[in-house]
Amino acid sequence: MKAVLCKSFGLPDSLVTEDVPALIPQADEVLINVYACGVNFPDLLIIQNKYQFKPALPFSPGGEVSGIIAAIGEKVKHLKADDRVVALSGWGGFAEQLVIKANRVFPLPRGMDFINGACTLYTYGTSYHALKDRAQIKAGETLLVLGAAGGVGLAAVELGHVMGATVIAAASTDEKLSICKEKGASHLINYSKEDLRTRIKEITNEKGVDVVYDAVGGKLAEQALRSMAWKGRYLVVGFTTGEIPQFPANLPLLKGCSIMGVFWGSFAEREPQQSLQNFSELQGLMKSGKIKQHIYKVYALEDGAQALSDLMNRKVIGKAVIKVGDWKEEPQVKNDPSTDQQIKSHTITKPLKIKLSELKKYNGQSLAVSDWLTVTQEMINEFAHATQDEQWIHVDVERAKTQMPGGKTIAHGYLTLSLAAKFLFELLQVEGATTSINYGLNKARFPVSVKSGSRIRMTGKIANVEEMNSGYKIFIECIMELEGEEKPAYVGEVITVVY
Ligand SMILES: NC(=O)c1ccc[n+]([C@@H]2O[C@H](COP(=O)([O-])OP(=O)(O)OC[C@H]3O[C@@H](n4cnc5c(N)ncnc54)[C@H](OP(=O)(O)O)[C@@H]3O)[C@@H](O)[C@H]2O)c1
């Protein structure tokens, strides 16, 4: 098979394209026929031995691929040959085939083509995590994006706009900025000819920006920090200039602002549920057409070095992608929903249908995210009546107006808890079960109270399946999200018995 190889560390022109021996997956790996590979800044660093991961020579760059599974190792249960997938490989993607640990492989979202599949997770995943989880950006705030026409930068422009922020895009050419405008930027700064601080003062009427998304570092970083509004958030994302900024500590003090690190890869590993939730929300935005990757150019595998050279020379706007092979259109593989649903890592189909006899295979399976449900005063009243717990904080709307924070009554914790069963019916169906009993709870916590009229929804995962004499006990970890709140309304385990 053919591969673009880094045989000695250096710039893109030191890469060579060669035939290499066929790859064989180990027990916990899969072999992917690569259809496309995204070109990302770390590919440039890794071939120069400047990245945090240092594969042994020779290796192929390319950390984000899409393709079709050709073979699986004997321990891999949740993927199979012919599955259309995306994978975060770190390196190895500039090649016709790639072997990779199965837990780094995810189903290609339905409706997404291979080119987009190879360049979406990394950019949108990073920028959504940065804006949503780290900066917690709010509608009406101002967002300055440095390096705004790069891969992660353009995703930040688009997402910032969709999230209701006023986006100021800053980049090095007018051509780049015109694409940023198409993606929703309200103000443009060409930092190769305009002074960043002066322009920010003009645009914000001296107030400064609420959030800075910095993917470039270097000299612009301190100027941006000096241009922040009170209680602003400065997101440290990357250093494409090659210069890690050293900030004077008096600046965050004077601005009352925060400097926040963003490390999407670590976030996805440490907080898989939140990452899953983010993917699900991003897929929703893609499906509705609110966000769409800007593809600068599709290169052939043999031109992999050229693609990296273009990235290095700041020519790329949005994403460069390597197309591997001469496939003309999307190969149609059979679409077997029951198989899709066995893919544990990032399944979002709703409801997940599991056969009773196959329940044990689904240990660790993530569930989709339910629809939103409004917790109304009527529901709270009925619950209070049924449980004879009619404390005024729940039912006295007039008194709550003056005495409760936010002027609203709050739902009983047990009411939100009991709604877990309703959400579970939406998210999980055990086919062939004649009886199911939601019979127990474990580790229940209520981090935030739910005010009447607010919306909740639930996601979760099958934490364990225990076989009983004539049925199964399923432990389902539940997270009930409260709209507009960082902390969930309920976290705990629901224990369901099915026969
Ligand atoms: N923290 C995380 O979790 C995370 C995740 C993904 C990526 N990153 C980092 O984010 C940065 C951007 O990644 P990317 O894939 O979006 O890169 P990219 O597509 O190459 O975009 C980077 C932008 O940086 C600007 N730039 C300024 N000086 C540059 C230079 N000397 N060489 C190249 N570009 C330069 C360019 O815009 P102008 O020409 O307009 O200045 C370019 O558009 C990288 O440092 C990457 O490692 C971090």
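Once a new chain begins, its residue numbering starts again from 1 and follows that chain's sequence as written. Two thresholds apply to this predicted model, a pLDDT of at least 70 for residue-level local features and 80 or more for giving and counting side-chain atom pairs, whereas whole-chain, interface and lining totals are computed over all residues.

## Things to note about the overall build of the protein chain
Here is step 1: Helix and strand definitions here come from DSSP, where helices need a minimum of 4 consecutive H or I residues and strands a minimum of 2 consecutive E residues; each element is numbered from the N-terminal end. Along the backbone of the protein chain there are 16 helices and 22 strands.
Here is step 2: In terms of its C-alpha atoms, the protein chain occupies a principal-axis envelope of roughly 75 × 60 × 35 Å.

## Concerning the site of the ligand
Here is step 1: Taken together, 29 residues surround the ligand, and among them Gly150, Gly151, Ala171, Ser172 and Gly238 come closest.
Here is step 2: Where the shell around the ligand is concerned, the elements lending two or more residues are helix 1 (41–47), helix 3 (121–134), helix 4 (151–162) and helix 9 (264–270).
Here is step 3: With three residues, the top contributor of residues to the shell around the ligand is helix 4.
Here is step 4: The residue inventory of the shell around the ligand, partitioned by class, reads 15 nonpolar, 12 polar and two charged.
Here is step 5: Boundary definitions for the domains trace back to an automatic or database domain assignment. Composition of the shell around the ligand by domain shows at least three residues from each of domain 1 (2–119 + 295–325 + 335–340) and domain 2 (122–267). Here is the check we use: build the C-beta atom from the backbone, and if it is within 6 Å of the molecule or strand, call the residue near. Put simply, Ala, Val, Leu, Ile, Met, Phe, Trp, Tyr, Cys and Pro go in the nonpolar bin, Asp, Glu, Lys and Arg in the charged bin, and everything else, Gly too, in the polar bin.

## What to know about helix 4
Helical periodicity: at 3.6 residues per turn, an α-helix aligns residues three or four positions apart in one direction.
Here is step 1: For helix 4, which comprises 12 residues, the first-to-last C-alpha distance of 17 Å matches the rise-based estimate of 16 Å (1.5 Å per residue) to within 8%.
Here is step 2: Put simply, a residue is buried when 20 or more other C-beta atoms lie within 10 Å of its own C-beta and exposed when 12 or fewer do; between those, it is partly exposed, and each C-beta is set from the backbone. Within helix 4, 11 of the 12 residues are buried, leaving the element largely enclosed by the surrounding structure.
Here is step 3: For helix 4, every residue scored as buried is listed here: Gly151, Val152, Gly153, Leu154, Ala155, Ala156, Val157, Glu158, Leu159, Gly160 and His161.
Here is step 4: C-beta atoms are placed from the backbone for every residue, and two residues are taken to be in contact when these atoms lie within 7 Å. Elements that come into contact with the buried residues of helix 4 comprise helix 3, strand 8 (142–146), strand 9 (166–171), helix 5 (174–182), strand 11 (209–214) and strand 15 (319–323). Helix span, expected: 1.5 Å multiplied by one less than the number of residues in the helix.

## A word on the sheet that holds strand 21 (residues 472–482)
Here is step 1: Pairing between two strands is assigned when DSSP locates at least 2 bridges connecting them. The strand order across the open sheet formed by five strands is 17-20-21-22-19, and the pairing between neighbours is antiparallel. Either end of the sheet is taken by a strand with one partner, and the two such strands are strand 17 (373–374) and strand 19 (436–445).
Here is step 2: As judged from the seven bridges shared by strand 19 and strand 22 (residues 490–498), these two strands associate in the antiparallel manner. Paired with Asn442 across the bridge in strand 22 is Glu493.
Here is step 3: Axis angles are defined between N-to-C directions and span 0 to 180 degrees, where every axis is a line fitted to C-alpha atoms and, for a helix, only to the segment in contact. Against the sheet, helix 16 (residues 413–427) touches strand 17, strand 19, strand 20 (455–467), strand 21 and strand 22, its axis set at about 55 degrees to strand 22.

## Details of the nonpolar core
Here is step 1: Among buried residues, those of type Ala, Val, Leu, Ile, Met, Phe, Trp, Tyr and Cys that are joined through C-beta atoms within 7 Å form a set called a nonpolar core. Grouped together as the largest cluster of nonpolar side chains are 107 residues, with contacts concentrated most on Val145, Ala148, Ile168, Ala169, Ala170 and Tyr213.
Here is step 2: By residue number, the principal contributor to this core is strand 3 (residues 29–39), which donates seven residues.
Here is step 3: Judged by nonpolar contacts, the second largest core, of 31 residues, contains Ile410, Leu415, Ala420 and Ile462.

## So, the domain arrangement of the protein chain
Here is step 1: As assigned here, the protein chain comprises domain 1 (2–119 + 295–325 + 335–340), domain 2 (122–267) and domain 3 (352–498).
Here is step 2: Distance from the C-alpha centre of domain 1 to the C-alpha centre of domain 2: 29 Å.
Here is step 3: Taken together, the contact pairs nine residues of domain 1 with 10 residues of domain 2.
Here is step 4: In terms of residue class, the side of domain 1 that touches domain 2 is made up of three nonpolar, three polar and three charged.

## Remarks on the packing of helix 3 against helix 4
Here is step 1: Contact geometry for helix 3 and helix 4: axes closest at 8 Å, N-to-C directions at 55 degrees. On the basis of their axis angle, the class for helix 3 and helix 4 is oblique. As for the relative orientation of helix 3 and helix 4, their crossing is right-handed in sense. Facing Thr123, Tyr124, Thr126, Ser127, Tyr128, Ala130 and Leu131 of helix 3, the residues of helix 4 in contact are Gly151, Val152, Ala155, Ala156, Leu159 and Gly160.
Here is step 2: Residue classes in the contact of helix 3 with helix 4 are distributed as eight nonpolar, five polar and no charged. For classification, angles of less than 35 degrees are called roughly parallel, those exceeding 145 degrees roughly antiparallel, those between 65 and 115 degrees roughly perpendicular, and all remaining angles oblique. The hand of a helix crossing depends on one turn: near helix anticlockwise from the far one by less than a right angle means left-handed, and clockwise means right-handed.

## Let's talk about the environment of Leu424
Here is step 1: If you trace the backbone, Leu424 turns up in helix 16.
Here is step 2: Residue classification places Leu424 among the buried residues on the basis of 22 C-beta atoms within 10 Å.
Here is step 3: Between the C-alpha atoms of Leu424 and Val494, which are 70 residues apart in sequence, the distance is 9.3 Å.
Here is step 4: Aside from chain neighbours lying at most four places away, what touches Leu424 is Ile476 and Val494.

## A look at the sheet that holds strand 11
Here is step 1: Taken together, the six strands give an open sheet; going across it, the order is 10-9-8-11-12-13, and neighbouring strands pair in parallel fashion. Edge positions in the sheet fall to strand 10 (187–190) and strand 13 (258–261), since each of these pairs with one other strand and no more. Strand-to-strand twist of the sheet, defined as the mean angle between neighbouring strand axes without regard to direction, takes the value 20 degrees.
Here is step 2: Sheet topology note: the strand 9/strand 10 ladder contains four bridges and is parallel. Its bridge partner being in strand 10, Ile168 is matched across the sheet by His187.

## Description of helix 10 (residues 272–287)
Here is step 1: For helix 10, spanning 16 residues, the distance from its first C-alpha to its last is 22 Å, which sits close to the expected 22 Å at 1.5 Å a residue.
Here is step 2: Of the residues making up helix 10, those classed as buried are Leu276, Gln277, Asn278, Phe279 and Leu282.
Here is step 3: Buried residues along helix 10 sit in contact with helix 3 and strand 20.
Here is step 4: Note on helix 10: the residue one or two positions beyond its end, Gly289, has a positive phi of about 80 degrees.

## A short note on the pairing of strand 4 (residues 64–72)
Here is step 1: In terms of strand pairing, strand 3 meets strand 4 through seven bridges, oriented antiparallel. Considered in strand 4, the bridge of Cys37 is made with Val65.
Here is step 2: In terms of strand pairing, strand 4 meets strand 5 (residues 84–88) through five bridges, oriented antiparallel. Paired with Ser66 across the bridge in strand 5 is Val86.

## Section: the confidence of the model for the protein chain
Here is step 1: The predictor reports its confidence for every residue as pLDDT, a score running from 0 up to 100. With 96% of its residues at a pLDDT of 70 or more, the protein chain has an overall mean of 91.
Here is step 2: Scored below 50 in pLDDT, residues 331–348 makes 33 contacts in the model with residues more than four places away or belonging to other chains.

## Quick notes on unusual backbone geometry
Here is step 1: Leu57 connects to Pro58 through a cis peptide bond whose omega is -15 degrees.
Here is step 2: Within the fold, Pro58 resides in the loop between helix 1 and strand 4.
Here is step 3: One non-glycine residue, Asn49, adopts positive backbone phi at about 60 degrees.
Here is step 4: Tracing the backbone through its elements, the reader meets Asn49 in the loop between helix 1 and strand 4.
Here is step 5: If you check the backbone angles, Arg314 has positive phi at about 60 degrees while not being a glycine.
Here is step 6: Position of Arg314 among the secondary structure elements: in the loop between helix 11 (304–312) and strand 15.

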